[in-house]
Amino acid sequence: MAATGRKVSLMAWYVARRVMQLIPVFLGATLLIYSLVFLLPGDPIQALGGERGLPPAVADQLRAHYNLDKPFIIQYLLYLKGLLSFDLGVSFSGREVSEIIASAFPTTFQLAIMALVIEAVFGVGVGLIAGMRKGGIFDATFLVVSLIVIAVPIFVIGFVVQFVFGVKLGWFPPTVGSDVTFYTLLAPAIVLGSVSFAYVLRLTRTTVAENLSADYVRTATAKGLARPRVVRVHVLRNSLIPVVTFLGVDLGALMGGAVVTEGIFNVPGIGNALYTAIKAQDSPSVVSIVTVLVIVFLIANLLVDLLYAVLDPRIRYA
Amino acid sequence: MSETNDTNTTPQADAPREDQQPLLAVRDLEVSFTTAAGEVKAVKGIDLTVYPGQTVAIVGESGSGKSTSAHAVINLLPGTGKVTGGTITFDGKDITKGSTKDYVALRGRRIGLVPQDPMSNLNPVWRIGYQIKEALTANGVSSTRAERQSLTSGIVADELLSDDDLYLSSEAKKKLLAELRTALGGRDGADDAVARADEQLAVGSSTRADARRVLDEAGLPDADARTAAVVKGGSMNDRVAGLLSEAGLQDAERRARQYPHEFSGGMRQRALIAIGLAARPQLLIADEPTSALDVTVQRTILDHLGELTKELGTAVLFITHDLGLAAERAEHLVVMYQGKVVESGPARQILESPKHAYTKRLVASAPSLASRRIQSARAAGVDTEETRALHHGNERADDVIVAENLTKVFRLRGSRPGSHTDFTAVDDVSFRLPRGTTLALVGESGSGKSTAANMVLNLLEPTKGKIIFDGVDLTALNKKELFKFRRRVQPIFQNPYGSLDPMFSIFRSIEEPLRVHKVGNKKSREKRVRELLDMVSLPQATMRRFPNELSGGQRQRIAIARALALEPEVIVCDEAVSALDVLVQAQILTLLNDLQAELGLSYLFITHDLAVVRQIADHVCVMQQGKIVEQASTDDVFENPQQEYTKELLAAIPGATLTLGAGSQSGS
Amino acid sequence: MPENRPNDELLHGASSAPFADQEHYFADEDTSPVLDAVDAPDESAPPTSLWRDAWNQVKVRPLFWVSAALILLVVLVAAFPQLFSSVDPRQCDLGNSYGAPSAGHPFGYDRQGCDIYSRVIYGARASVVVGVLTTIGVVIIGSMIGGVAGFYGKLTDSLLSRVGDIFFAIPLLLAAIVTMQVLDRNVWTVAGVLIVFGWPQIARITRGAVLSVRNSEFVTASQALGLSKPAILARHVMPNAIAPIIVIATVSLGTFIVVEATLSYLGIGLPPTTVSWGGDISQAQAALRTNPQVLFYPAGALGLTVLSFMMMGDVVRDALDPKARKR
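All values derive from a computational prediction rather than experimental measurement.

A. How the structure looks around the overall build of chain C. The secondary structure content of chain C amounts to eleven helices and one strand. Along chain C, helices (α) and strands (β) appear in the sequence α-β-α-α-α-α-α-α-α-α-α-α when read from the amino end. Taking all 327 residues of chain C together, the buried fraction comes to 51%. Surface summary for chain C: the accessible area is close to 14,600 Å², and the carbon and sulfur share equals 62%.

Shown next, in the form of structure tokens:
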């Protein structure tokens, strides 16, 4: 009983430490984003008025309404305050930013999760086999395939998939539009996860090949365990640790890639919303969207760290 | 002079025995690896026999092929290794022709392995108990009762499955102890009796018969019936705990739930032993099972292993680089060198009259044996070549280093942010190093000897106390003076593979001290480097090479050359020979001795190996857990140890039980 | 059933006579000569360092030569495009829109009537320059920060790592998207943005490598020599941490080229006036169904360029892998 109690508190302290490390990063990142956007040229208020421009009084009023007349640091703090109460401001088009995000986020989230699952399952699976048969035909083939996938930009892959499988073969609808289902998101998910799949494959392959010659694997074999069990229990489990870490960091790459993929397949997600906002110089939207994405990324990393501690008992003492 | 390998009869001429079949018979075994340079033979045709219940030791240095041969037996060769010739016959069957399935059945169940490095041989992500359980389930071992072997004590086959062999489960033990406590009531000595019974009853290992006996002795009435009612066999977890306690681990039930990184080195090794013996194999291959451990722990574990295997009747194939250890633990020795067997036979005979040149060198160089010989010689009052080499003349009282009340406390970060624990690595240590002599700081891991050395080298600030070098207090020096001081004390470290910068050529490595301290010009420095290489008996052309091209012994010579570059007065040797093979070690020790005589150097020699101390040191400080336990001249410490711990260390030198006469060294 | 219990006599060890095949045997000296006293290094072999070792490993691999040749080709095209095409990529005649390939114009014409082949040739420079600049910047900044963080540890490490985390938290593409709104769009600013947000990765790798070297005994020996900390870092630690940096730099070069192309595709990278592969691909998107070749030529060139750097990275990693060097 005492042993488990102590273990719980060790984990609790580990979690607490990680969360505390997160806070300065969060503050720094949001500040960075905010100041980057702050530097956007042009006067968005005037742009709202279109060709004719706005009468100064109205412009001033709007400016005050959007807090654009206050010094930078005040704006930032007001924004932070809003963030913590889930008030993400109002976009220049009038819609609540939180509403924009709320409607677009689930789609992108679903897309990202699908991509993550695809890349994880296939990446680890193929990587495992490649690692076990290192130097063989299977391994060499997939090494080349993974290199090509990484080398070709994601938008080209997107075009090709859309063209070949969407238009020519008709297996998937070429664009998604408002019809968001598991099936319609499949093609974009595959494209989105393709580059990461290649990285996961290579990482798994290297880790598995390394672990196969580990001392404890030899001891396991010497115990009289059959090969399948040795691989499953000793090699795979230990090889998952670096892969899990990578998947967490990869979420950031997925969110970047989503901008492109959603554009190609016309998915009504956050990537598209972001792109539209940037083009319109809609700073409230841009800041909020990017901030939300960064938060998601940081939380994902935190979860990955925790998962890491579950997978590798040595870490809990670090 | 070619010698034949006829039967070499000993004075008591008994006819050689023919009455038993060998358990393991290796004939003409060849093992090859595929490298970039083609196929390389690691084992070049060796013969090896192990009889049931026998302990056979294979002795050799690195590269001799001893480990490779042993691993070939169970087909566990690393990388590209494979058996390319010869036969391995186990229990009458040629297993080199076996399929993968055959090997899986063989491993664990009939041949067990205890591997070398306890840290890397346990999977860090699974609990210890889990890893032991695997060994049981994979080999179909019953957890409920002890398995009897037939043909012991005349038991007939029918009686093999006796209930007396049922294991004690965790609940059963608790119940029985409770019953004992109530039965004994408040009598005098009741608590002691219960505690004793608690200690003697091991869950998963004690059988019903054992429980009956223990409880009977403790005074439990009707022990027979009670144990029969309660002891019904154990679960897998019980058996796992039982195996751990058989291997000598305390508090086995709790420990089984822990992870490998929570165990100490000795504990991990015991877990590996438990795994190796879990399925009660007929043969146990022990690959340097204690090389990574402290010397006292080594002795305890090996003693225990010896008892266990004797009790179970397990044959042991013991791999080691230490000839003294091998002779102490095994009946039969096989000496390997560069993939071949150069000598083999009964342990005593080989030690007393080695015939092959290599074996003779080993016997002459092994520190454990050398130290025994020197002791015996001095006890007999005989002056041998070895004892003569020890006299370093200089009995001048001038102390070049005096350490006064040195203390070093480290602050370790606790698991809670803000909390920390203080760890005292060195506790009020004082010693003196007379000029021109060697002072050894001896201790096991955690004794603080390296920390003390680092303070002498001024790599660590002492928390308290001071170091006086040639009359000057080091702590009082400013930065510039400290820089000049460094020329007078130089280190040589343990790991030859880490002590030289792989990016620096040998020339640059040796020249660096001269450059940093701005000694001479380019030409004079080059001359000095050549001089230094001569001093350590390496060809001058070596300076163009890089560390990765040199062997361990060669690298240590370079390290010595580098240390000598600035003409220091004191050299701190931090386990400088511990990582080297026996013969190379002997060469380096000789070199160090010669240099000391030539240049009047003083050595501060840090080591865990008391046997090496006998060969090189004039004075000894024995350290334990940060404190100095005993301090005297080497002679005194060896002949007249005062403290318990010192006696333990001396007893732990491998070969302690061997008696070697003063004249038993067969030339050197 | 096998007999596990030994014969009683064996228990008493050496006092009994040995078995026939366990009697005292020793090998013939001629067949098992013992090496000479002081083992000397092999004089005949030429001196090799880490680099020479790596070179020896690398030069026998066909993959190395293939990727080296490709890289060389790409660099040449980027540096001297006029050697490969005499046609001006900006000279476009709308009349030739989507024209078929002809002599001197092997890839045909794009929507504006520009010569595709020429645009592919001249587009190389933008990608290569951005890639090279970014990589150099990222390596210099990242290795310095990572090296200092790993070597000095404690507070310095915490601080620098947190700063790195902050920049790392914003995905490269997103950061570039936001920042490129603000700046002038040219090669320097694109590279600059990528450098500012791309250095944390190199810093992490460097920090890891430095941490593993920092506790080596040759570092301690240098300290005992009196070498100052910065000197130890520069002379001993960093050179030993270079290997993983080189590997990651080679691979990153490819990644940065892809990111630049993606930015151009989104219309926020290099301006349309600069001839670039990303921009061309972006333009070609509209006509994918009717004239796919307009997209595939620049895309193919881009893919091939990045592929060559990735393959080189693989080869270099294998050669510098410390585990592969058994000594």
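B. Representation of the overall build of chain B. Of regular secondary structure, chain B possesses 25 helices and 20 strands. Here the C-alpha atoms of chain B give a radius of gyration of 28 Å, agreeing with the 26 Å that 2.2 N^0.38 yields for 668 residues. Referenced to the eigenvectors of the C-alpha coordinate spread, the extents of chain B come out at roughly 90 × 70 × 55 Å. Residues counted as buried form 56% of the 668 residues belonging to chain B. If you take every contact in chain B between residues at least 6 apart in sequence, the share linking residues at least 24 apart comes to 70%. Separation of charge centres in chain B, based on 79 positive and 86 negative side chains, amounts to 7 Å.

C. Focus on helix H3 (residues 62-79) of chain C. Residue and element names in this part refer to chain C. Along its 18 residues, H3 runs 26 Å from first to last C-alpha, staying within 8% of the 26 Å computed at 1.5 Å per residue. Of the positions making up H3, those classed as buried are Phe64, Ser67, Ile71, Val74, Val77 and Ala78. For H3, the arc enclosing every buried residue in end-on projection is 165°, short of the 170-degree limit, so these residues lie on one face. Residues Pro62 and Leu72 are exposed on H3 and point more than 90 degrees away from its buried face.

D. The arrangement of the sheet that holds strand S18 (residues 602-607) of chain B in detail. All names here are of chain B. Strand order in the open sheet formed by six strands is S16-S17-S18-S13-S19-S20, with mixed pairing between adjacent strands. Edge positions in the sheet fall to strand S16 (489-492) and strand S20 (627-633), since each of these pairs with one other strand and no more. Geometrically, the sheet is characterised by an average inter-axis angle of 15° between neighbouring strands, direction not taken into account. Sheet topology places strand S13 (residues 438-442) next to strand S19 (residues 619-624); four bridges connect them, and they run parallel.

E. Structural detail: the state of the cysteines. Residue and element names in this part refer to chain C. Counting across every chain of the model gives one disulfide over all chains. Across a sulfur-sulfur distance of 1.9 Å, Cys92 and Cys114 are joined as a disulfide pair. The sign of the S-S torsion, about 100°, decides the handedness of the disulfide formed by Cys92 and Cys114: right-handed. Of the two residues, Cys92 is situated in the loop between H3 and helix H4 (116-152) and Cys114 in the loop between H3 and H4; the sequence distance between them amounts to 22 residues.

F. Here's a closer look at the packing of helix H9 (residues 229-266) of chain C against helix H11 (residues 293-320) of chain C. All names here are of chain C. Where H9 contacts H11, the axes come no closer than 8 Å and their chain directions differ by 170°. With respect to each other, H9 and H11 are oriented roughly antiparallel. Counting all contacts with H9, which are made through Ala243, Ile246, Val247, Thr250, Val251, Leu253, Gly254, Thr255, Ile257, Val258 and Ala261, the residues of H11 involved are Leu302, Thr305, Val306, Phe309, Met310, Met312, Gly313, Val316, Arg317 and Leu320. When its residues are assigned to classes, the contact of H9 with H11 shows 15 nonpolar, five polar and one charged.

G. Highlighting the packing of helix H6 (residues 208-218) of chain B against helix H7 (residues 223-230) of chain B. Residues and elements named next belong to chain B. Where H6 contacts H7, the two axes come as close as 9 Å, and the packing angle between them is 140°. On the basis of the axis angle, H6 is oblique to H7. In the crossing of H6 with H7, the sense of the turn from one axis to the other is right-handed. Two secondary-structure elements touch here, H6 through Arg208, Ala211, Arg212, Leu215 and Asp216 and H7 through Ala223, Asp224, Thr227 and Ala228.

H. Region of interest: the UniProt feature "transmembrane region" (unreviewed entry) in chain C. Residue and element names in this part refer to chain C. Mapped onto the present numbering, the UniProt feature "transmembrane region" (unreviewed entry) falls on residues 62-84, 128-151, 163-182, 188-206, 245-268 and 295-316. As a span, residues 62-84 carries 78% helix and 0% strand, and end to end its C-alpha atoms are 26 Å apart. End C-alpha atoms of residues 245-268 are separated by 30 Å, and the span's content is 92% helix alongside 0% strand.

I. Summary view of the environment of C:Asp280. Residues and elements named next belong to chain C. Tracing the backbone shows Asp280 in helix H10 (residues 277-284). Counting along the chain gives 15 residues from Asp280 to Leu295, while the straight-line C-alpha distance between them is 7.3 Å. Other than its neighbours up to four places away in sequence, Asp280 contacts Arg119 and Pro298.

J. Local environment of the sheet that holds strand S3 (residues 55-59) of chain B. Taken in spatial order, the seven strands line up as S6(B)-S7(B)-S8(B)-S3(B)-S9(B)-S10(B)-S1(C) in an open sheet, and their pairing is mixed. Edge positions in the sheet fall to strand S6 (111-114) of chain B together with strand S1 (25-26) of chain C, since each of these pairs with one other strand and no more. Sheet topology places strand S7 (residues 283-287) of chain B next to strand S8 (residues 315-320) of chain B; five bridges connect them, and they run parallel. Note that in S8(B) the partner of B:Ile285 across the bridge is B:Leu317.

K. Up close: the side chain of B:Asp287. Relative to the helices and strands, B:Asp287 is located in strand S7. Residues in contact with B:Asp287, not counting those within four places in the same chain, are B:Ser67, B:His71, B:Val114, B:Pro115, B:Gln116 and B:Ile319.

L. Layout of the pattern of salt bridges. All names here are of chain B. A complete count under the given rule lists 44 salt bridges over all chains for this structure. The residue Lys449 makes a salt bridge to Glu575 at a minimum N-O spacing of 3.8 Å. Note that Lys449 is positioned in helix H17 (residues 449-456) and Glu575 in the loop between strand S17 (570-574) and helix H22 (582-599), a separation of 126 residues in sequence. Assigned by exposure class, Lys449 and Glu575 land together as buried. Glu567 is the partner of Arg528 in a salt bridge, and the nearest nitrogen-oxygen pair spans 4.0 Å. Linking Arg528 in helix H20 (residues 522-535) with Glu567 in the loop between helix H21 (552-564) and S17, this pair joins segments that are 39 residues apart in sequence. Owing to a relative accessible area of 14%, Arg528 belongs among the buried residues under this scheme.

M. Representation of the nonpolar core. Among the nonpolar cores identified, the biggest contains 130 residues, and A:Phe155 and C:Ile177 are the most heavily contacted of them. For this core, the element with the highest residue contribution is H11(C), accounting for 15 residues. Sequence-distant contacts of A:Phe155, defined by excluding residues within four places in its chain, comprise A:Val260, A:Ile264, C:Ala261, C:Thr262, C:Tyr265 and C:Ile281.

N. Summary view of the UniProt feature "domain: ABC transmembrane type-1" (unreviewed entry) in chain C. As annotated by UniProt and renumbered to match this structure, "domain: ABC transmembrane type-1" (unreviewed entry) occupies residues 124-317 of chain C. As a span, residues 124-317 of chain C carries 84% helix and 0% strand, and end to end its C-alpha atoms are 26 Å apart.

O. Seen up close, the interface of chain B and chain A. Chain B puts 31 residues into the contact, and the matching count from chain A is 28 residues. Contact between chain B and chain A buries roughly 2,700 Å² in total, counting both sides, with carbon and sulfur atoms accounting for 58%. The largest share of the area that chain B buries against chain A comes from B:Val125, B:Glu134 and B:His261, three residues that together contribute 19% of it. Applying the counting criterion to the chain B and chain A interface returns two salt bridges. Residue A:Lys223 is joined to B:Glu134 by a salt bridge in which the shortest nitrogen-to-oxygen separation is 2.9 Å. At the junction of chain B and chain A, the tally comes to 13 residue pairs in polar contact (both at pLDDT 80 or more). Counting residues per element, the ones that place at least two in the side of chain B that touches chain A are S6, helix H3 (128-138) and helix H10 (265-277) of chain B. Residue contributions to the side of chain B that touches chain A peak at five residues, all from H3(B). Tallied by class, residues from the side of chain B that touches chain A come to 16 nonpolar, nine polar and six charged.

P. Seen up close, the confidence of the model for chain B. All names here are of chain B. Of the residues in chain B, 91% have a pLDDT of 70 or more, and the chain-wide mean is 85. Mean pLDDT across the secondary structure elements of chain B bottoms out at helix H16 (residues 385-390), with 67, and peaks at S3, with 95. Taken as a whole, residues 1-13 scores under 50 in pLDDT and shows twelve contacts with residues more than four places along the chain or in a different chain. Low confidence marks residues 150-155, where pLDDT is under 50. Its contacts with residues over four positions away, or in another chain, come to four contacts.

Q. Main features of the pairing of strand S11 (residues 399-413) of chain B. All names here are of chain B. Strand direction decides the pairing type here: S11 and strand S12 (residues 420-434), joined by eleven bridges, are antiparallel. What sits directly across from Lys408, in S12, is Val426. Examined bridge by bridge, S11 and strand S14 (residues 464-469) share five bridges and lie antiparallel to one another. Of the residues in S14, the one forming a bridge with Glu404 is Lys466.

R. Representation of a nonpolar patch on the surface in the model. Residues and elements named next belong to chain A. A surface patch of nonpolar side chains, amounting to about 400 Å² of accessible area, comprises Leu31, Ile73, Ile74, Leu77 and Leu78. Considering each element in turn, the nonpolar patch owes the most residues, four residues, to helix H4 (residues 72-84). Inspection of the secondary structure puts Leu78 in helix H4.

S. Representation of the side chain of C:Thr206. All names here are of chain C. Structurally, Thr206 can be placed in helix H7 (residues 187-214). Given the relative accessible area of 0%, Thr206 is considered buried. Sequence-distant contacts of Thr206, defined by excluding residues within four places in its chain, comprise Gly142, Ser143, Gly146, Gly147, Met238 and Ile245.

The rules behind the values
- Residues numbered from 1 in each chain as written.
- Chains lettered and ligands numbered in written order.
- Predicted model: local features only at pLDDT ≥ 70, side-chain atom pairs only at ≥ 80, totals over all residues.
- Heavy atoms only, no water.
- Helix = DSSP H or I, 4+ residues; strand = E, 2+ residues; numbered from the N terminus.
- Buried < 20%, exposed > 50% of the residue type's maximum accessible area, 1.4 Å probe, protein only.
- Areas by Shrake-Rupley, 256 points an atom, 1.4 Å probe, with all protein chains shown as cover.
- Rg over C-alpha atoms; globule rule 2.2 N^0.38 Å.
- Contact = heavy atoms within 4.5 Å.
- Lys, Arg positive; Asp, Glu negative; His and termini not counted.
- Charge placed at Lys NZ, Arg CZ, Asp CG, Glu CD.
- Expected span 1.5 Å × (residues − 1).
- Arc of directions from axis to C-beta.
- Pairing = 2+ DSSP bridges.
- Axes fitted to C-alpha atoms, helices over the stretch in contact; angles between N-to-C directions.
- Disulfide = S-S within 2.5 Å.
- Parallel < 35°, antiparallel > 145°, perpendicular 65-115°, else oblique.
- Nonpolar A, V, L, I, M, F, W, Y, C, P; charged D, E, K, R; others polar.
- Left-handed = near helix turned anticlockwise from the far one by under 90°.
- UniProt positions renumbered as here; feature names shortened; annotations may be inferred.
- Salt bridge = Lys/Arg side-chain N within 4 Å of Asp/Glu carboxyl O.
- Core = buried A, V, L, I, M, F, W, Y, C linked by side-chain atoms within 4.5 Å.
- Buried area = accessible area lost by both parts, 1.4 Å probe.
- Polar contact = N/O pair within 3.5 Å; in protein donor to acceptor, adjacent residues only side chain to side chain.
- pLDDT = per-residue confidence, 0-100.
- Patch = residues over 30% accessible without salt bridge, like charges linked within 9 Å, V, L, I, M, F, W, Y side chains within 5 Å.

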